[in-house]
Amino acid sequence: MEKQDKLFSINYILMLTANFLLSFGFWLQMPILPFYLEQEFGLDKTTMGFVISCYTISALCMRAFSGYLMDSFSRKPLALIAFIIFSCVFGGYYLTASLLIFCVLRGLHGLSFGLSTVGLNTILIDVLPSSRRGEGIGYFGLANNLSMALGPLVGLYLGRTIISYNGVFLCGLTCGLIGCIVLACVKTKPKPKILNKQKISLDRFILIKGIPAAIALLLMSIPYGITTNYVILYAKESGFEVNSDLFFVLMACGMALARIFSGKLADKGYITQTISYGQIFVVICFLLLAFCKTFNNFSPILCAYTYLSCGCLMGIGFGIIFPSYNSLFVSLAPNNRRGTATSTYLTSWDVGLGIGIFIGGLISDKFGGFDASYIFGTITCIISAIFFKCYVTRHYLYNKLEK
């Protein structure tokens, strides 16, 4: 038993590290892409949003099959191959000077990221005991979400001070390759052979019982996409007297704080309640972000404090929501559909993220600024919270499986 516990601990640490490096490498370059595309190719915001969101389109195509692949074949080799391709794409960013090739690479990045993230999440569920699943997912998600918060911060710092944009891409390549080595060291049990293979049907690709929750999560992730790509640009264009990079520092702190208790609450059966608490923080965050530009007109100090507070609120809100939603999807699926459950969870997130990236720039162009984008994001969050409370909660309680 002691040997098994030690092996579990080592595997879990390796999984946390691989997950952090995968996500950190990806988010490292996300906030610099608008500046890079503007400087290198002279794109407007609408075109910029389309180019960046090429990742989402390709990720969605892969998400549709990744759960099926993970449930049907050996998970670690598939995840490792996808991780290697994901890492190599950064080298392509460094070498390309063509917008068309850049779009193709964004698409390839989405395909590889879509498969590798589903693979890592599914392997983690296999490793975790069911009694500690919420807590384990929580810390796993903390590694992921800290990278989502710290990656943009480090990317902006490197891009502005020490090295060029291409240097950021090389840093992403380095993080990815180290992550591949770490993942290769994870020891996994052989996947049991499926004696009676089921016919291919829709529920092999999408967790049907998870669709209501997926809709609610999609709506909640739209303003997250707007924020991770445009919140620095929002501060710059609106003339906020604030070190906007601190937004991501406070976001990371908020996520770390939320992870301390959110996973344990999910393990105690308070999954839907925990998600509802997180939604409150998120709605308040995006509502305040929408009014930061107005606050700046009569009190720059109030605007600065509000802007930075939103980073912390956003971190707390999504730090609560992420692990709880992951546990919710897994609780709706039998063990042989864990890959499909994880795929559905991540697909809904990617769809909302892509919509946010694309529509954030579009709304800003059409309605005079990113404050309008955040008003739209606040509305989607409110709709999501109402739908979750009135329908998703009841649907989950009726369909969840005891494991």
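Quick note: structure is the one above.
Scope of this entry: the structure provided in the associated data block. (Residues numbered from 1 in each chain as written. Predicted model: local features only at pLDDT ≥ 70, side-chain atom pairs only at ≥ 80, totals over all residues. Heavy atoms only, no water.)

Re the overall build of the protein chain
A count of helices and strands for the protein chain gives 14 helices and zero strands. In the protein chain, the succession of helices and strands from N to C terminus is α-α-α-α-α-α-α-α-α-α-α-α-α-α. A burial count over the protein chain gives 59% of its 403 residues as buried. The long-range share in the protein chain, meaning contacts at least 24 apart out of those at least 6 apart in sequence, stands at 87%. Split by element, the accessible area of the protein chain, about 16,600 Å² in all, is 69% carbon and sulfur. (Helix = DSSP H or I, 4+ residues; strand = E, 2+ residues; numbered from the N terminus. Buried < 20%, exposed > 50% of the residue type's maximum accessible area, 1.4 Å probe, protein only. Contact = heavy atoms within 4.5 Å. Areas by Shrake-Rupley, 256 points an atom, 1.4 Å probe, with all protein chains shown as cover.)

With respect to helix 11 (residues 271-298)
Between its first and last C-alpha atoms helix 11 spans 42 Å; for 28 residues at 1.5 Å apiece the expected length is 40 Å, and the two agree. When the local axis directions of helix 11 are compared, the greatest deviation, roughly 45°, occurs at Cys 292. (Expected span 1.5 Å × (residues − 1). Bend = angle between axes of the 7 residues up to and from the residue.)

Some points on a nonpolar patch on the surface
A contiguous nonpolar patch, built from Ile 81, Ile 85, Leu 108 and Leu 111 and spanning about 310 Å² of accessible area, is present on the exposed surface. Among the elements of the structure, helix 5 (75-95) and helix 6 (99-127) are those that each provide at least two residues to the nonpolar patch. Classification of Leu 108 as partly exposed rests on a relative accessible area of 37%. (Patch = residues over 30% accessible without salt bridge, like charges linked within 9 Å, V, L, I, M, F, W, Y side chains within 5 Å. Salt bridge = Lys/Arg side-chain N within 4 Å of Asp/Glu carboxyl O.)

A short note on helix 3 (residues 45-52)
Buried within helix 3 we find Lys 45, Met 48, Gly 49, Val 51 and Ile 52. Considered in projection along helix 3, the buried side chains sweep an arc of 165° and stay on one side of the axis. (Arc of directions from axis to C-beta.)

Focus on the side chain of Arg 106
The topology assignment puts Arg 106 in helix 6. Apart from residues no more than four positions distant in its own chain, Arg 106 is found in contact with Phe 26, Gln 29, Met 30, Leu 33, Val 51, Ile 52, Cys 54, Tyr 55, Ser 58 and Tyr 93.

A word on the packing of aromatic side chains
According to the stated counting rule, one finds 36 aromatic pairs in the structure shown. Here Phe 318 and Trp 349 contribute two aromatic rings whose centre-to-centre distance is 5.9 Å and whose plane-to-plane angle is 70°, an arrangement assigned as edge-to-face. Of the two residues, Phe 318 sits in helix 12 (residues 300-331) while Trp 349 sits in helix 13 (residues 338-367), which places them 31 residues apart along the sequence. Of the two residues examined, Phe 318 and Trp 349, each falls in the buried class. (Phe/Tyr/Trp six-rings, centres within 6.5 Å; stacked < 30°, edge-to-face > 60°.)

Side note on the environment of Ser 112
On the secondary structure map, Ser 112 appears in helix 6. With relative accessibility at 4%, the residue Ser 112 sits in the buried group. Residues Ser 112 and Arg 63, 49 residues apart in the sequence, show an inter-C-alpha distance of 9.9 Å. Setting aside its immediate chain neighbours within four residues, Ser 112 contacts Ala 82, Ile 85 and Phe 86. A polar side-chain atom of Ser 112 sits 3.1 Å from the main-chain carbonyl oxygen of His 109. (Polar contact = N/O pair within 3.5 Å; in protein donor to acceptor, adjacent residues only side chain to side chain.)

Observations regarding the nonpolar core
Considering soluble globular proteins, one finds that nonpolar side chains tend to be buried as a cluster. In terms of nonpolar packing, the biggest core is built from 116 residues, with Tyr 224, Leu 289, Tyr 307, Phe 318 and Tyr 325 touching the most fellow members. Of all the elements, helix 9 (residues 211-238) adds the most residues to this core, at 14 residues. When residues no more than four places from it in sequence are discounted, the contact partners of Tyr 224 are Trp 27, Met 148, Met 251, Met 255, Phe 286, Met 314, Phe 318, Phe 322, Trp 349 and Leu 353. (Core = buried A, V, L, I, M, F, W, Y, C linked by side-chain atoms within 4.5 Å.)

Some points on the side chain of Asp 371
Among the secondary structure elements, Asp 371 is positioned in helix 14 (residues 370-399). This buried residue, Asp 371, is left without a salt bridge; Lys 293 holds the nearest opposite charge, at 4.1 Å. Apart from residues lying up to four places away in sequence, Asp 371 is in contact with Tyr 234, Ala 290 and Lys 293. (Lys, Arg positive; Asp, Glu negative; His and termini not counted.)

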